[in-house]
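Structural overview
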Amino acid sequence: MTYPENYRYTKEHEWVSVEGDTGTVGITFHAQSELGDIVYVDLPKVGSVVETGQSFGSVESVKAVSDIYSPVSGEVVEINTLLADGPEKLNEDPHGAAWLVKIKLADPAQVSTLLDAAAYQAYIAG
Amino acid sequence: MPKPLGKIRPHFTQNEQLLFELSRPGKTGYQLPELDVPDVDAAEALGAGNVREAIEDFPEVSEVEVIRHFTRLSTWNYGIDLGLFPLGSCTMKYNPRINEAVARIAGLAWAHPYQPESLSQGAMEIMAVLEHHLGDIFGMDEVTLQPAAGAHGEYTGIMLVRAYLESQGNPRKKVLCPDSAHGTNPATAMIAGYQVETLKSNGQGMIDPAVLAAAVNEDVAAMMITNPNTVGVFEENIVQIAGILHAKGAQVYMDGANLNALVGVARPGDFGVDVLHSNLHKTFSTPHGGGGPGAGAVGVKSHLAPFLPGPRLKKTDGQWTWNHDLPQSIGRVRAYYGNFGVLVRALAYIMAHGGPGLKTATIDALLNANYIRARLKDYFQIAYDAPSMHECVFEDTKQEKQGARTGDIAKRLIDYGFHPYTVSFPMIVHGAMMIEPTETEPKAELDAFCDAMIAIAKEVEAEPEMVKHAPHLTRTSRVDEVSAARKPVVRWKP
């Protein structure tokens, strides 16, 4: 599996991709693989404020319900409505079509403190 | 199709229709006498808004059809009376029949909670004696029997912590839970109004005192600790851990789900616990295969006792009474006095065993779990090297190489006539297989189980695809759990 070079990652297995002052957030291929078949995704409301390291929603698989921790702080400006009826997309394309939320970043510079693709892959191998 | 296997439970193999399918218009299971009073229109008498509409398609069946339907279904069930039920963490021990005999004594079985106290002295004495024995076993000063089951006991316990800390002037903000905790621990803390902070376990699956020391401050109300923990390992640093928490004014809550590994050998009250619950339906062997009812007795040290749920038992002039004058109590947590029938069985179990008997049960539970661990360790990867207590936890890393995971092995175990072990919990173990035999299994049954597990380990090597599609010898082959969760069908339609 390839982990996009332009994304940043957390040890909680989320990724964030930044364009301008907006960060798109999702969970990693490794996360969906550990969770198994995902059956439900609970996302925050547009307009809610999220903080780094705080849970903003959850992912439910046949095995477990896991919190999703925000890699960044800011305001949720869009959520991925595809996932309500198609949670399996998180298993199929976690780094692409199955992004979770878009967040207007409180501090875009904060993203550079997260893991890069190589460091994340070393972390999960490790 | 695979070959016939060693131990197979014979099934009554016909399929069973739903009651809706058995229904025939006009059939009933009752017969009422002719109406001998004037007929009244319900809508006129009560108002149309208060009258329920007829239920469409309600099954119409005779009594014998209902009895046969459910009796046939009951033969499809698997329970502890059929064989080993190795569901880790659930403590599916045999339920001795003496407990049932005692619970059916007419004065107990037919007791009503609204009977006057003067007619309830025996029932109240039973509760008082049980509180006393549990206090002894826990090493705690006082016990409440009200909570209906384990998670309810947790909630009661953390509410006691909150009430105590509030009385000290500050309820505090956080509850700590190790990452191996039962999911009910963080859920309890949240419902009680606390933030949850999760602590990472060390390489032995235990709480790391250094990690704990860094996390504890004056915001921490309590830590919720399961001991032995969910990987079946005794938290050997528990005294030091309790000391770290107490030094900052935090309380030690013990989840007593695994108390059956300690009874008669070690007392939580002696190793620093302030409050704990015990699942009487696990440790004290009351039936819980059908989901309950349970009982989640909570024991506390004296500083928490004023906050216990009321009413409390009190003896005045040789008579038991209910004391409602408890100004600091968190209030009632359960209607009446808990699940009384469960309490009677738990006391029967304790008294039938006596102290030495309970200790022997504990030691035998550990022996059985370690016997299974020793027999299976060459075939399955043990999760942690630390000694196992009453259950052993393996991970599926060896079998994963062939593509078979813990869930597949569990399904294949059904073909061998056993209920599966606990699958994929605790979550800190990769592909967990959590096995708890309890003390009540004869060696022959443990061996039959181990033989089945070893046979499956070999099947995973020789024909992994067969294991991945198990079960093969059951009435229903593997069900599609993913579709069932994603697109649940919750209602039968013709």
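Analysis parameters
- Residues numbered from 1 in each chain as written.
- Chains lettered and ligands numbered in written order.
- Predicted model: local features only at pLDDT ≥ 70, side-chain atom pairs only at ≥ 80, totals over all residues.
- Helix = DSSP H or I, 4+ residues; strand = E, 2+ residues; numbered from the N terminus.
- Rg over C-alpha atoms; globule rule 2.2 N^0.38 Å.
- Buried ≥ 20, exposed ≤ 12 C-beta atoms within 10 Å, placed from the backbone.
- Contact = placed C-beta atoms within 7 Å.
- Arc of directions from axis to C-beta.
- Axes fitted to C-alpha atoms, helices over the stretch in contact; angles between N-to-C directions.
- Parallel < 35°, antiparallel > 145°, perpendicular 65-115°, else oblique.
- Left-handed = near helix turned anticlockwise from the far one by under 90°.
- Nonpolar A, V, L, I, M, F, W, Y, C, P; charged D, E, K, R; others polar.
- Pairing = 2+ DSSP bridges.
- pLDDT = per-residue confidence, 0-100.

The next thing to look at is the overall build of chain A. Along chain A, the regular secondary structure elements total four helices and nine strands. For 126 residues, the compact-globule estimate of 2.2 N^0.38 gives 14 Å, and chain A sits close to it at 13 Å. Its C-alpha atoms put chain A at 35 × 35 × 20 Å along the principal axes. Counting all 126 residues of chain A, 36% fall into the buried class. When contacts within chain A are restricted to residue pairs at least 6 apart in sequence, those whose partners lie at least 24 apart make up 62%.

Residues and elements named next belong to chain B. Within the sequence span of helix α8 (residues 184–191), burial applies to Asn 185, Pro 186, Thr 188 and Ala 189. Each buried residue of α8 lies within a common arc of 155° when the element is viewed along its axis, so the set occupies one face. Looking at the buried positions of α8, the neighbouring elements they touch are α7 (150–167), β2 (174–178), β3 (195–199), β4 (220–226) and β5 (251–255). One or two steps after α8, the chain reaches Gly 193, where phi turns positive at roughly 90°.

This paragraph deals with the packing of helix α6 (residues 121–138) of chain B against helix α12 (residues 340–376) of chain B. Residue and element names in this part refer to chain B. At their nearest, the axes of α6 and α12 sit 10 Å apart, and the two run at 55° to each other. Overall, the two elements α6 and α12 adopt an arrangement that is oblique. Seen from above, α6 lies across α12 with left-handed handedness. Contact residues: Ala 123, Ile 126, Met 127, Val 129, Leu 130 and His 133 in α6; Phe 340, Leu 343, Val 344, Ala 346, Leu 347 and Ile 350 in α12. Residues belonging to the contact of α6 with α12 are distributed by class as follows: eleven nonpolar, one polar and no charged.

This part covers the sheet that holds strand β9 (residues 101–105) of chain A. All names here are of chain A. Spatial strand order, β1-β2-β3-β9-β8-β5: six strands in an open sheet with antiparallel pairing. Where the open sheet ends on each side, the last strands, each with one partner, are β1 (8–9) and β5 (49–50). Pairing between β5 and strand β8 (residues 74–79): two bridges, direction antiparallel. Bridging across to β8, Val 49 finds its partner in Glu 75.

Once that is clear, we can look at the sheet that holds strand β13 (residues 432–435) of chain B. Strand order across the open sheet formed by four strands is β10-β11-β13-β12 (chain B), with antiparallel pairing between neighbours. Whereas interior strands pair on both sides, the edge strands pair on one side only; in this sheet they are β10 (381–382) and β12 (422–423) of chain B.

Quick look at the pairing of strand β6 (residues 275–279) of chain B now. Residues and elements named next belong to chain B. Here β6 lies mainly inside the structure; five of its five residues are buried. Relative to β6, β5 runs parallel, the two sharing three bridges. Note that in β6 the partner of Tyr 253 across the bridge is Val 275. Of the strand pairs in this sheet, β6 and strand β7 (residues 296–300) are connected by five bridges, and their pairing is antiparallel. Among the inter-strand pairings, Ser 278 is bridged to a residue of β7, identified as Ala 297.

The next subject is the environment of Gln 402 of chain B. Residue and element names in this part refer to chain B. Relative to the assigned elements, Gln 402 resides in the loop between α13 (397–400) and α14 (406–415). When the 17 C-beta atoms within 10 Å are taken as the criterion, Gln 402 is described as partly exposed. Residues Gln 402 and Lys 468, 66 residues apart in the sequence, show an inter-C-alpha distance of 9.7 Å. Residue contacts for Gln 402: discarding those within four places in its chain leaves Val 460, Glu 461 and Pro 464.

Here the focus is unusual backbone geometry. Residues and elements named next belong to chain B. Residue Pro 311 is reached from Gly 310 by a cis peptide bond, and omega for that bond is -5°. As for its position among the elements, Pro 311 is in the loop between β7 and β8 (312–316). Put simply, Ala 470 and Pro 471 share a cis peptide bond, and its omega is 5°. One non-glycine residue with positive phi stands out, namely Tyr 336, at about 55°. Turning to its location among the elements, Tyr 336 is positioned in the loop between β9 (319–323) and α12. The class of Tyr 336 is exposed, set by 11 C-beta atoms lying within 10 Å.

A few words now on the confidence of the model for chain B. Taken residue by residue, chain B gives an average pLDDT of 94. The fraction at 70 or more is 97%. Overall fold confidence (pTM) sits at 0.89, and the ipTM for the predicted complex is 0.76.

Residue and element names in this part refer to chain B. Following the sequence through the fold, Cys 450 ends up in helix α15 (residues 443–462). Taking the number of C-beta atoms within 10 Å as the measure of exposure, Cys 450 has 19 and is therefore partly exposed. Sequence separation between Cys 450 and Glu 63 is 387 residues; the distance between their C-alpha atoms is 43 Å. Setting aside anything within four residues of it in sequence, one finds Cys 450 in contact with Ile 372, Arg 375 and Leu 376.

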